[in-house]
Amino acid sequence: MKELTTNHNLKVGIVAISQNYAVGKDGTLPWNYPKDLSWFKLITENNAVVMGRKTYDSFLGEVLPNRLNIVITRKPMLSDHVIYINSVDVFDTLVSYVSCPVFIIGGVEIFSLLSDRIDEWLVTKIPEHINNADKFMPAGFMDNFKKEKEYQLSDVLVCEHLVRRGNVASIELKHIISNALDLL
Ligand SMILES: NC(=O)c1ccc[n+]([C@@H]2O[C@H](COP(=O)([O-])OP(=O)(O)OC[C@H]3O[C@@H](n4cnc5c(N)ncnc54)[C@H](OP(=O)(O)O)[C@@H]3O)[C@@H](O)[C@H]2O)c1
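1. Brief notes about the overall build of the protein
Here is step 1 of the chain: Helix and strand counts for the protein come out as five helices and ten strands.
Here is step 2 of the chain: A compact globule built from 184 residues would reach a C-alpha radius of gyration of about 16 Å, and the protein, at 16 Å, matches this within 12%.
Here is step 3 of the chain: For the protein, the spread of C-alpha atoms along the three principal axes comes to 55 × 35 × 30 Å.
Here is step 4 of the chain: Here the protein holds 184 residues, and the buried ones make up 29% of them.
Here is step 5 of the chain: Sequence separation of at least 24 residues holds for 67% of the intrachain contacts in the protein that already meet a minimum separation of 6.

2. Remarks on the environment of Ser58
Here is step 1 of the chain: Here Ser58 lies in the loop between helix 2 (53-57) and strand 4 (68-72).
Here is step 2 of the chain: Ser58 sits 29 residues away from Leu29 along the chain, and the two C-alpha atoms are 8.9 Å apart.
Here is step 3 of the chain: Among all residues touching Ser58, those that are not within four sequence positions of it are Gly27 and Thr28.

3. A short note on the pairing of strand 9 (residues 145-152)
Here is step 1 of the chain: In the sheet, strand 9 pairs with strand 10 (residues 158-164) via seven bridges, with the strands oriented antiparallel. Its bridge partner being in strand 10, Tyr151 is matched across the sheet by Cys159.

4. A word on unusual backbone geometry
Here is step 1 of the chain: Cis peptide bonds are those with omega within 30 degrees of zero, and the linkage from Gly106 to Gly107 qualifies with 5°.
Here is step 2 of the chain: At Leu60, a position not held by glycine, the phi torsion is positive, near 55°.
Here is step 3 of the chain: Within the secondary structure, Leu60 sits in the loop between helix 2 and strand 4.
Here is step 4 of the chain: By the C-beta count within 10 Å, which is 8 here, Leu60 ends up exposed.
Here is step 5 of the chain: In this structure, Asn66 takes a positive phi of about 60° despite not being glycine.
Here is step 6 of the chain: As for its position among the elements, Asn66 is in the loop between helix 2 and strand 4.
Here is step 7 of the chain: The class for Asn66 is exposed, based on 10 C-beta atoms found within 10 Å.

5. Considering the packing of helix 1 (residues 34-44) against helix 5 (residues 171-183)
Here is step 1 of the chain: Where helix 1 meets helix 5, the closest approach of the two axes is 9 Å, and the angle between their N-to-C directions is 135°. With respect to helix 5, the element helix 1 is oriented oblique. Crossing handedness for the pair helix 1 and helix 5: right-handed. Contacts from Trp39, Leu42 and Ile43 in helix 1 reach Ile176, Ala180 and Leu183 in helix 5.
Here is step 2 of the chain: Grouping the amino acids of the contact of helix 1 with helix 5 by side-chain chemistry returns six nonpolar, no polar and no charged.

6. Let's talk about the site of the ligand
Here is step 1 of the chain: Not every one of the 27 residues close to the ligand is listed here, only the nearest: Gly24, Gly52, Thr55, Gly106 and Gly107.
Here is step 2 of the chain: Of the residues forming the shell around the ligand, the biggest block, four residues, is contributed by helix 4 (residues 108-113).
Here is step 3 of the chain: Taken together, the residues of the shell around the ligand break down into ten nonpolar, eleven polar and six charged.

7. Brief notes about the sheet that holds strand 9
Here is step 1 of the chain: Within the open sheet, the eight strands sit side by side as 5-4-3-6-1-7-10-9. Their pairing is mixed. Edge positions in the open sheet fall to strand 5 (83-85) and strand 9, since each of these has one partner strand only. Averaged over all adjacent pairs, the angle separating strand axes in this sheet is 25°, with direction ignored.
Here is step 2 of the chain: One ladder, built from three bridges, connects strand 3 (residues 48-52) with strand 6 (residues 102-104); its direction is parallel.

8. Some remarks on helix 1
Here is step 1 of the chain: Buried residues of helix 1: Trp39, Phe40, Ile43 and Thr44, and no others. For helix 1, the buried positions fall inside an angular range of 110° around the axis, keeping them on one side. Among the exposed residues of helix 1, those oriented more than 90 degrees off its buried face are Pro34 and Leu37.
Here is step 2 of the chain: For helix 1, the secondary structure elements touched by its buried residues are strand 1 (11-17), strand 3, strand 6, strand 7 (120-125), strand 10 and helix 5.
Here is step 3 of the chain: In the stretch just after helix 1, Asn46 is the one whose phi turns positive, near 70°.

Rules used throughout
- Residues numbered from 1 in each chain as written.
- Predicted model: local features only at pLDDT ≥ 70, side-chain atom pairs only at ≥ 80, totals over all residues.
- Helix = DSSP H or I, 4+ residues; strand = E, 2+ residues; numbered from the N terminus.
- Rg over C-alpha atoms; globule rule 2.2 N^0.38 Å.
- Buried ≥ 20, exposed ≤ 12 C-beta atoms within 10 Å, placed from the backbone.
- Contact = placed C-beta atoms within 7 Å.
- Pairing = 2+ DSSP bridges.
- Axes fitted to C-alpha atoms, helices over the stretch in contact; angles between N-to-C directions.
- Parallel < 35°, antiparallel > 145°, perpendicular 65-115°, else oblique.
- Left-handed = near helix turned anticlockwise from the far one by under 90°.
- Nonpolar A, V, L, I, M, F, W, Y, C, P; charged D, E, K, R; others polar.
- Near = placed C-beta within 6 Å.
- Arc of directions from axis to C-beta.

This is the structure:
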């Protein structure tokens with residue numbers, strides 16, 4: 001009989017940060033860069049995305065299409081469109097049976113909760129200083145990672161690809177990035 005095995009699948013944090021590490025304000029993004037949104041879509045499509053309940057709320061009831069949407073909340077409920085989970089243990093179990101890359105898409109609470117699980121980061125640098133933001137990434141969140149490469153998304157936007165120190169960049173993410181750049 002075939003044994004049931006689990007995968008160690010790739011987990012990638014994807015975030016856009018301002019020069020002062022801002023990521024959010026009033027439950028939404030404090031900037032408007034359509035190119036970064038296109039990049040996010042191209043990178044995450046056909047894969048799994050994991051987000052906190054507040055980030056999910058920022059989509060105003062819409063799921064991200066063509067992606068497995070997983071939402072972390074202490075008050076999980078049943079849904080036809082979203083998988084709600086309520087702990088890191090459930091996250092570990094669920095993603096070990098998912099065969100596609102898993103993109104951790106925020107917000108700050110969820111990046112912090114899952115920081116030990118993140119293998120690689122895609123960090124878009126927003127060329128602004130946002131003084132009145134209310135959500136910021138911790139300044140040291142990239143400390144255990146080294147820069148693999150950076151990609152020019154537009155005249156003003158750069159995305160850094162970071163890999164956990166001691167690891168090598170995954171072929172899987174390199175392919176995803178290469179395809180996304182072709183279509184951007
Ligand atoms: N710039 C970017 O790339 C980016 C990316 C994503 C989000 N954002 C922004 O970030 C902001 C939202 O981020 P946020 O940090 O406030 O919220 P969040 O991380 O999206 O969600 C927080 C929620 O996650 C759930 N949660 C947290 N820890 C948990 C645990 N240990 N167990 C179970 N559930 C847990 C709780 O949901 P319940 O309250 O339901 O229990 C909590 O209220 C928004 O402004 C959004 O636009 C920016």
